[in-house]
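Observations on chain architecture
Residue strings, one per chain:
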Amino acid sequence: MKDQAYYDSIGFRCGLEIHQRLKTERKLFCSCLNIESSKPLGIKIHRVQRAVAGETGKLDRSTSFESNKNRTFIYNTFQDNVCLVDIDEEPPHELNREALMISLVITASLNPSSPSDIEPMRKEVVDGSDPSAFQRTMLVGYNGSLGIGNRTIRIPTIFLEEESCGIESSDNSTAVYNVDRLGVPLVEIDTDPEIKNPLEAKEVASKIGMILRLTHKVQRGIGSIRQDVNISIREGERVEIKGMQDLDAMDTIIDREVERQLALVEIKKLLVGKRGKVHAPQDLTDIFENTQISVIKSSAGKVYGIRLENFAGVIGMEINPNRRLGSEISDYAKMAGVRGIIHSDEDLNKYGFSELELQGVKGKLAVADKDAFIIVSAKDEEVARKAINLAKHRAEHAMIGIPPETRAADSKNMITRFMRPLPGGSRMYPETDAKPVAVGKELLELAHTDIVDIERSAKELEKLIGNRQLASQMLKSYKFQTFNSIIASVKVEPLTVAAILLEKMKELKRQGILVDGISDATLIYIFGKYAKKDITKIGIEEIIKNVPLNSKDVDRIIVEKKVERLGASELRKLVARYRNLEKKEIVGKVMAEHKLNVDAEELMEVIAKG
Ligand SMILES: [Zn+2]
């Protein structure tokens, strides 16, 4: 376990960007319904995007990187949640007041200042996830704060913005997006990079998540909340990690990213000390004319290589579990569309290099024993050249240190993976089609009446459930909304609902049963059956264990699994059968035969009455 002194010594800095979709009736700037699914319209829109200079006149770093790729974007449209505004063929409608109000409540809960005018801006989007190549965004709060233990984490900005399209598929020439999700209101909460260790990051994310859920106005489910984490160390650059969905894995993934950054700093020092040098790419195609190396043969086109002077042994250095500097260089080359690179710190025998080919490469690149080399091959000359240049760029950066990048959290392998270079700052310009909205005193006061107060909510919940531990668990759980819906629709003891949602369902999930797939409506139906005394408490568990998809499924399971509750008269008949036995024994006998169908308390009553 690393302590705070360790994180201080490496100059650990971490900030969060939390994106949460709001539960509104409609989208942010049009009248489309904010619903998850709708019928496909069958209309596909094709776009090709080109980078434009932002407000500062400079081409954004990631913008030019993406547009290098010359990709075509295809957008799938849908019946109920796509309109001309979404595909940028009609000006935006008025700002959705419901979304504005929710964003102001969230903002008010984070002790900020609020701007007097909400001004829509356009933020450039270059990965194709918006057909208009921009996303509308508005500052709704600034200078906020969040208390964590005895520390205060500053929240410099809170934005209300449009969600982007969901990606359907992507390859090197085309990316396909679904427009249904586009324009759904989203709140972005940013913290200052003053989080001191990975566990604190988790704590901040969890508390912000709790505040968001306590508004009861946010969407839930996979993808509805996204945590991006910015991480840097003293000798490095900012690295942004996207898609940290799983809070449980957050601290481990951050620690691995820190390890990666520290390893890259070590490599930099090593290479600077050795006077490493990356030479110009050379065409090696001739050498591999009759090759038996399958990875080169299958691409059967151009082969390029570079000499990495004094790099011998360094490309193979491990920087994360099963990841080397070579993997990082390979990630860059892959952006051009190649499958990867071959480098000299690998076991080249596994590729089947002939002695002649190896000597040819070493000769042409002038590789000495202290050097390393990289080879890239592709059918298309342009692709091969791009790939080798990207690999060269990354290899050169090994002597500068940590490249500023956007990376993706890989919670399966508990590491981060390269996505693209980090965007610079020239991405915003004013939205001239949407008018600013004045935020009056009344609106702010209204927002304050719904402010989230975690302590108060905790007390109320404890009183409602009657169990402190379950209440505190519920407050942190994404099941909270489900709990509220059940309590609101069915007359049932909150403690029973809480115990089943938090304990029983967790236990079943651990057994690999996909209980999270049961909808709120179905759960309400099940608890309704319980409230009507059609089933027992254990009956609820038995039904849930069988993962019903809807109310009909519930009815079917009740019959098939024999879950019907036995009424008082049936109980009396059962008890009469064991008249000669002790009370305890009667209970044992009846429960053994009818575990699912008998409420133990009711049984005791029947026995007591004789
Ligand atoms: Zn629309």
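It should be noted that the structure appears before, not after, this text.
I will try to describe carefully the structure that is included in this document.

About the cut-offs
The residue numbers shown here count from 1 along each chain, following its written sequence. Residue-level local features of this predicted model are given only where pLDDT is at least 70; pairs of side-chain atoms are given and counted only at 80 or more, and the full residue set underlies all totals for whole chains, interfaces and linings. Note that the side-chain values use all heavy atoms of the structure and ignore hydrogens as well as water. Metal donors: N, O and S atoms at distances within 2.8 Å, or within 3.2 Å for Na, K and Ca, with water omitted from the atom set so that some sites may seem incomplete. Burial classification: accessible surface area is computed with a 1.4 Å probe over protein chains only, and a residue below 20% of its type maximum counts as buried, one above 50% as exposed, and the rest as partly exposed. Secondary structure elements follow DSSP: runs of H or I no shorter than four residues count as helices, runs of E no shorter than two count as strands, and numbering proceeds from the N terminus. Strand pairing is assigned whenever DSSP detects at least two bridges linking the two strands. Here an axis means a line fitted to C-alpha atoms, over the contact stretch when the element is a helix, while the angle between two N-to-C directions is reported on a 0 to 180 degree scale. By definition, residues are in contact when any of their heavy atoms lie within 4.5 Å. Throughout this description, a polar contact denotes any pair of N or O atoms lying within 3.5 Å of each other; where both atoms belong to protein, one of them has to be capable of donating a hydrogen while the other can accept it, and for residues adjacent in sequence the pair is counted only when both atoms sit in side chains. Orientation labels follow simple angle bins: below 35 degrees gives roughly parallel, above 145 gives roughly antiparallel, 65 to 115 gives roughly perpendicular, and whatever is left gives oblique. Crossing handedness is read from the near helix: turned anticlockwise from the far helix by less than a right angle, it gives a left-handed crossing, and turned clockwise, a right-handed one. Residues are sorted three ways: Asp, Glu, Lys and Arg are charged, Ala, Val, Leu, Ile, Met, Phe, Trp, Tyr, Cys and Pro are nonpolar, and all the rest, Gly among them, are polar. In this description, a nonpolar core means a group of buried Ala, Val, Leu, Ile, Met, Phe, Trp, Tyr and Cys residues linked to one another through side-chain atoms lying within 4.5 Å. Between Lys or Arg on one side and Asp or Glu on the other, a salt bridge is scored when a side-chain nitrogen of the former is within 4 Å of a carboxyl oxygen of the latter. Under the pairing criterion, centres of Phe, Tyr and Trp rings, with the six-membered ring standing for Trp, must be within 6.5 Å; the plane angle then separates stacked pairs below 30 degrees from edge-to-face pairs above 60, leaving the rest tilted. A ring has a charge above it when a Lys NZ or an Arg CZ is no more than 6 Å from the ring centre and no more than 35 degrees off the ring normal.

1. Looking at the coordination of the zinc ion
Each angle at a metal carrying four tetrahedral donors should ideally be 109.5 degrees, and each at a metal carrying six octahedral donors should ideally be 90 or 180 degrees. Looking at the metal site, the zinc ion is ligated by C30 (SG), C32 (SG), C83 (SG) and D86 (OD), spaced 2.2 to 2.3 Å from it. Read from N- to C-terminus, the donor residues coordinating the zinc ion fall into the pattern C-x1-C-x50-C-x2-D. According to the relative accessible area criterion, C83 is partly exposed, its value standing at 23%. Its relative accessible area of 5% is what places D86 among the buried residues.

2. Looking at the pairing of strand 15 (residues 302–309)
Most of strand 15 is tucked away: seven of the eight residues are buried. With two bridges joining them, strand 13 (residues 277–278) and strand 15 adopt antiparallel strand pairing. The residue of strand 15 that forms the bridge with K277 is E309. In this sheet, strand 15 lies alongside strand 14 (residues 282–283) in antiparallel orientation, the contact comprising two bridges. Residue pairing in the sheet places D283 in a bridge with Y304 of strand 15. Note: strand 15 against strand 19 (residues 372–378), seven bridges, orientation antiparallel. Counted as the bridge partner of Y304 is V376 from strand 19.

3. Quick notes on the sheet that holds strand 8 (residues 166–170)
Spatial ordering of the open sheet is given by 2-3-9-8, a layout of four strands whose pairing is mixed. Unpaired on one side and paired on the other, strand 2 (40–48) and strand 8 mark the two borders of the sheet. Here the strands of the sheet are splayed against their neighbours by 25 degrees on average, with no regard to which way each runs. Looking at chain direction, strand 2 and strand 3 (residues 72–78) are connected through six bridges and run antiparallel. By the bridge assignment for strand 3, R47 is matched with F73.

4. Focus on helix 16 (residues 537–545)
Along helix 16, the positions that sit buried rather than exposed are G539, I540, E542, I543 and I544. Along its buried surface, helix 16 packs onto helix 14 (494–510), helix 15 (520–531) and helix 17 (551–560). One or two steps after helix 16, the chain reaches V547, where phi turns positive at roughly 45 degrees.

5. Overview of the environment of K561
With respect to the helices and strands, the residue K561 is situated in the loop between helix 17 and helix 18 (568–577). A residue is classified by how much of its surface remains accessible, and K561, at 37% relative accessible area, is partly exposed. Leaving out residues up to four positions away in the same chain, K561 has contacts with E542, N546 and L596.

6. Details of the side chain of S224
Here S224 is to be found in the loop between helix 4 (198–214) and strand 11 (225–232). Classification of S224 as buried rests on a relative accessible area of 2%. Of note is the side chain of S224, whose polar atom sits 3.4 Å from the backbone oxygen of Q219. Leave out the neighbours within four places in its chain, and S224 touches H19, Q20, R21 and Q219.

7. Description of the pairing of strand 6 (residues 134–148)
Where strand 5 (residues 121–124) and strand 6 come together, four bridges link them in antiparallel fashion. Bridge assignment links R122 to a residue of strand 6, and that residue is R136. Taken together, the 10 bridges between strand 6 and strand 7 (residues 151–162) define a ladder with antiparallel strand orientation. In the sheet register, Y142 faces strand 7, and the bridge partner there is T157.

8. A closer look at the packing of helix 13 (residues 480–489) against helix 15
One way to put it is that helix 13 packs onto helix 15 with a least axis distance of 10 Å and a crossing angle of 40 degrees. Put simply, helix 13 runs oblique to helix 15. Our pair here, helix 13 against helix 15, has a crossing hand that is right-handed. On helix 15, the residues touching T482, S485, I486 and S489 of helix 13 are D520, L523, I524 and F527. Looking at side-chain class alone, the contact of helix 13 with helix 15 contains four nonpolar, three polar and one charged residues.

9. Digging into the packing of helix 15 against helix 17
Orientation of helix 15 relative to helix 17, taken along the N-to-C sense of each, is 40 degrees, at an axis distance of 9 Å. Classed by the angle they form, the pair helix 15 and helix 17 counts as oblique. In this structure, helix 15 crosses over helix 17, and the sense of that crossing is right-handed. Contact residues: T522, Y525, I526 and K529 in helix 15; S551, V554, D555 and I558 in helix 17. For the contact of helix 15 with helix 17, the per-class residue count stands at four nonpolar, two polar and two charged.

10. Details of the nonpolar core
If you look at the biggest cluster of nonpolar residues, it comprises 125 residues, and the most contacted ones within it are L160 and I544. The leading source of residues in this core is helix 5 (residues 247–274), at 10 residues. Once residues lying within four places of it in the same chain are set aside, the contact partners of I544 are I500, M505, L508, V515, I518, L523 and I526. Membership of the second largest hydrophobic core comes to 15 residues, among which are I296, V303, V361 and V367.

11. Topic: the pattern of salt bridges
Under the definition given, this model contains 54 salt bridges. E381 is the salt-bridge partner of R385, the closest N and O atoms lying 3.5 Å from each other. Of this pair, R385 and E381 are both found in helix 9 (residues 381–397), four residues apart, which corresponds to roughly one turn of the helix. Each of E257, R260, E328, R394, E405 and R407 takes part in one network of salt bridges that share partners.

12. Structural notes on the environment of R339
Position of R339 among the secondary structure elements: in the loop between helix 7 (325–334) and strand 18 (342–343). On the basis of relative accessibility, which here comes to 76%, the residue R339 falls in the exposed class. Separated by 38 residues in sequence, R339 and S377 place their C-alpha atoms 8.8 Å apart.

13. A word on the packing of aromatic side chains
Going through the model one piece at a time under the given rule, you end up with eight aromatic pairs. Relative to Y7, the ring of Y6 lies with its centre 5.0 Å away and its plane at 80 degrees, an arrangement referred to as edge-to-face. You can call Y6 partly exposed: its relative accessible area is 23%. Between Y75 and Y177, the ring centres sit 5.9 Å apart and the planes meet at 20 degrees, which makes this aromatic pair stacked. With a gap of 102 residues between them, Y75 in strand 3 and Y177 in strand 9 (residues 174–178) connect regions that are remote in the sequence. Exposure class is identical for Y75 and Y177. Each is buried. In this structure an aromatic cluster arises from ring pairing among Y6, Y7 and F12. The ring of F29 carries the charged tip of R136 above its face, separated from the ring centre by 5.5 Å.

Shape is all these values report; function is a separate question.
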